[in-house]
Amino acid sequence: MKLVAATDRGSGGSGSGRVGGVVRSVGRALHLPVTGTARGIRRATHAHGAGESGLGKLIELHAVNGAGDVMITVALASTVFFSVPTDEARGRVALYLAITMAPFTVLAPVIGPLLDRLPHGRRAAMAASMLARALLALVISGAVATGALELYPAALGVLVASKAYGVVRSAVVPRLLPPAFSLVKANSRVTLAGLLATGVAAPIGAGLQMVGDPWPLYGAFVIFVAGTVLSFTLPHKVDSAKGEGVALLSADASGLPGSRGKQRARRPGLRSVGTAVTHALGANAALRCLSGFLIFFLAFLLREHPLTGESAALSLGIAGVAAGAGNALGTAVGAWLKSRAPEVIIVTVVAVALGTAILAAAFFGALLVACLSAVAGFAQALAKLSLDALIQRDVPEAVRTSAFARSETLLQMAWVLGGAIGIVLPLNGTLGLSIAALIVATGWVTTLRGLLASARHGGRARARVV
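Residues numbered from 1 in each chain as written. Predicted model: local features only at pLDDT ≥ 70, side-chain atom pairs only at ≥ 80, totals over all residues. Heavy atoms only, no water.

This next bit is on the confidence of the model for the protein. This prediction gives the protein a mean pLDDT of 76; 67% of its residues lie at or above 70. Between the elements of the protein, mean pLDDT differs from a low of 52, seen in helix H1 (residues 2-45), to a high of 94, seen in helix H8 (residues 215-231). Here residues 29-34 is a poorly scored stretch, pLDDT under 50, and it has two contacts once near neighbours within four places are set aside; other chains count. (pLDDT = per-residue confidence, 0-100. Helix = DSSP H or I, 4+ residues; strand = E, 2+ residues; numbered from the N terminus. Contact = heavy atoms within 4.5 Å.)

Where charged atoms of side chains with opposite charge meet at close range, the side chains can pair. Here the structure, examined in full by the defined rule, presents two salt bridges. In this structure, the salt-bridge partner of Asp-69 is Arg-133, at a minimum N-O distance of 2.9 Å. Taken together, the residues Asp-69 in helix H3 (residues 55-82) and Arg-133 in helix H5 (residues 122-143) connect sequence positions 64 residues apart. Taking relative accessible area as the criterion, Asp-69 reaches 17% and is therefore assigned buried. (Salt bridge = Lys/Arg side-chain N within 4 Å of Asp/Glu carboxyl O. Buried < 20%, exposed > 50% of the residue type's maximum accessible area, 1.4 Å probe, protein only.)

Leu-55 and Leu-58 are the most contacted members of the largest nonpolar core, which totals 97 residues. With 16 residues, helix H9 (residues 275-304) is the largest single contributor of residues to this core. Excluding residues within four positions of it along the chain, Leu-55 makes contact with Ala-50, Leu-176, Pro-178, Phe-181, Ala-186 and Val-190. (Core = buried A, V, L, I, M, F, W, Y, C linked by side-chain atoms within 4.5 Å.)

Look at H9 against helix H11 (residues 342-362): their axes get within 11 Å of each other, and the N-to-C directions meet at 25°. On the basis of their axis angle, the class for H9 and H11 is roughly parallel. The interaxial crossing formed by H9 with H11 has left-handed handedness. Contacts between H9 and H11 involve Ala-276, Ala-280, Ala-283, Asn-284 and Leu-287 on the former and, on the latter, Glu-343, Ile-346, Val-350 and Ala-353. In terms of residue class, the contact of H9 with H11 is built from seven nonpolar, one polar and one charged. (Axes fitted to C-alpha atoms, helices over the stretch in contact; angles between N-to-C directions. Parallel < 35°, antiparallel > 145°, perpendicular 65-115°, else oblique. Left-handed = near helix turned anticlockwise from the far one by under 90°. Nonpolar A, V, L, I, M, F, W, Y, C, P; charged D, E, K, R; others polar.)

Within the structure shown, the criterion is met by three aromatic pairs. Pairing Trp-215 with Tyr-218 gives two aromatic rings, centres 5.3 Å apart and planes at 85°, and the pair type is edge-to-face. With Trp-215 and Tyr-218 both in helix H8, this residue pair falls three residues apart, about one helical turn. Seen in terms of ring centroids, Phe-293 and Phe-297 are 5.3 Å apart; in terms of plane orientation they differ by 15°. Their pairing is stacked. Of the two residues, Phe-293 and Phe-297 are both situated in helix H9; the distance of four residues between them amounts to about one turn of the helix. The pair Phe-293 / Phe-297 is uniform in exposure class, with both members buried. (Phe/Tyr/Trp six-rings, centres within 6.5 Å; stacked < 30°, edge-to-face > 60°.)

Quick look at the side chain of Arg-123 now. The residue Arg-123 is located in helix H5 in this model. A polar atom in the side chain of Arg-123 sits 3.2 Å from the backbone oxygen of Phe-232. Contact partners of Arg-123, with chain neighbours within four places excluded, come to Ser-231, Phe-232, Leu-234, Pro-235, His-236, Val-238 and Asp-239. (Polar contact = N/O pair within 3.5 Å; in protein donor to acceptor, adjacent residues only side chain to side chain.)

Where H5 contacts helix H6 (residues 151-172), the axes come no closer than 9 Å and their chain directions differ by 160°. When the interaxial angle is binned, H5 and H6 end up roughly antiparallel. At the point where H5 passes H6, the crossing takes the left-handed sense. Along the contact surface, H5 presents Arg-122, Ala-125, Met-126, Ser-129, Met-130, Ala-132, Arg-133, Leu-136, Val-139, Ile-140 and Ala-143, while H6 presents Leu-151, Ala-154, Ala-155, Gly-157, Val-158, Ala-161, Ser-162, Tyr-165, Val-168, Arg-169 and Val-172. In terms of residue class, the contact of H5 with H6 is built from 16 nonpolar, three polar and three charged.

Below is the structure:
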């Protein structure tokens, strides 16, 4: 009896063990895709010393930022743009621009100088921008279905918080460079992570939109809360201001009438980082203005006059995918070129963008619109990386983070200006793309001579440290 009982218990135990083993195997099989993907992402973001320097954590944080922003963009686009007829949509977008973008043009110049005064709180500033957007996403979720008035100030808050994050991120990257890592390569990694996260999050946001109008905003809330926590995992050296000063990025005022014999007031402004950087900044501003223009102008143009044989939604999708692909390609090429002849790269990509805009205006059609979107994305990404290379080369380390913050603020203002131009123009493809060509031509002509002269002489004008 005892032997039989023991045998029965052994059989039962063996059976339970087999069941437990199967359960554990199934659990591992279900768990592996998640953990395996997470480990793969971590290996990619932390490669080549990025993990040790802290750059890997910033790359992951920027991916979270991109995913959260696109969730809010999906929700706002469906409310302000897609949910009403074209004429009404244009009025609502104009109202959106007036209420959000106009105040932003006033607030944007304040962001850089304000953050210059808070060098010890960069992690807190990034966390605050994430938390603010999380809370504002909840506010917008209550107004998104009805288009209530609180939608617009909340959207302004999201815009300001997003741009504040961008300014701080630009200032943080130089402090997290791994050994023998160029600033161009680091910014390429950060930017590419944001683009990939945006590409993944956009269809998820569209799927949530089908469940209900507020759901993409609930998703954004969760993402930004995670970003708030992740901000504080950045290394403490992010908050260090050791050896830093304030970069001034415009012409020196010491030669003004009445300044002789007097000590010039040293107030924050855009003065004196050297001709190469200032001309590169002007060229980049033209490309950023083009980007803002194309986003708003093509959004309405393609909705009213879709590409031949395509629906309005598919036409917008083609232009958007082309721009995203061009941006990703420009980022990849910038990482490959590193910091070789940045002035020549900027002159070349602006010239290519100008030529494509002229062709698209002269022979308006589906193929050329897609090409212009792709070239604009490519040129903007590659020119920005080249500007980063010039700042790293010509601006002393003591004021480099300040220079990044102030240049990013100026570029954001150029994007706002381009968007405003795009929204007020008649929906005529040839006219609109002619204006686009004029925008690029202005930036190219005014910076061409200075950039080529700097390339020939290896321009090394240095920024003032004040």
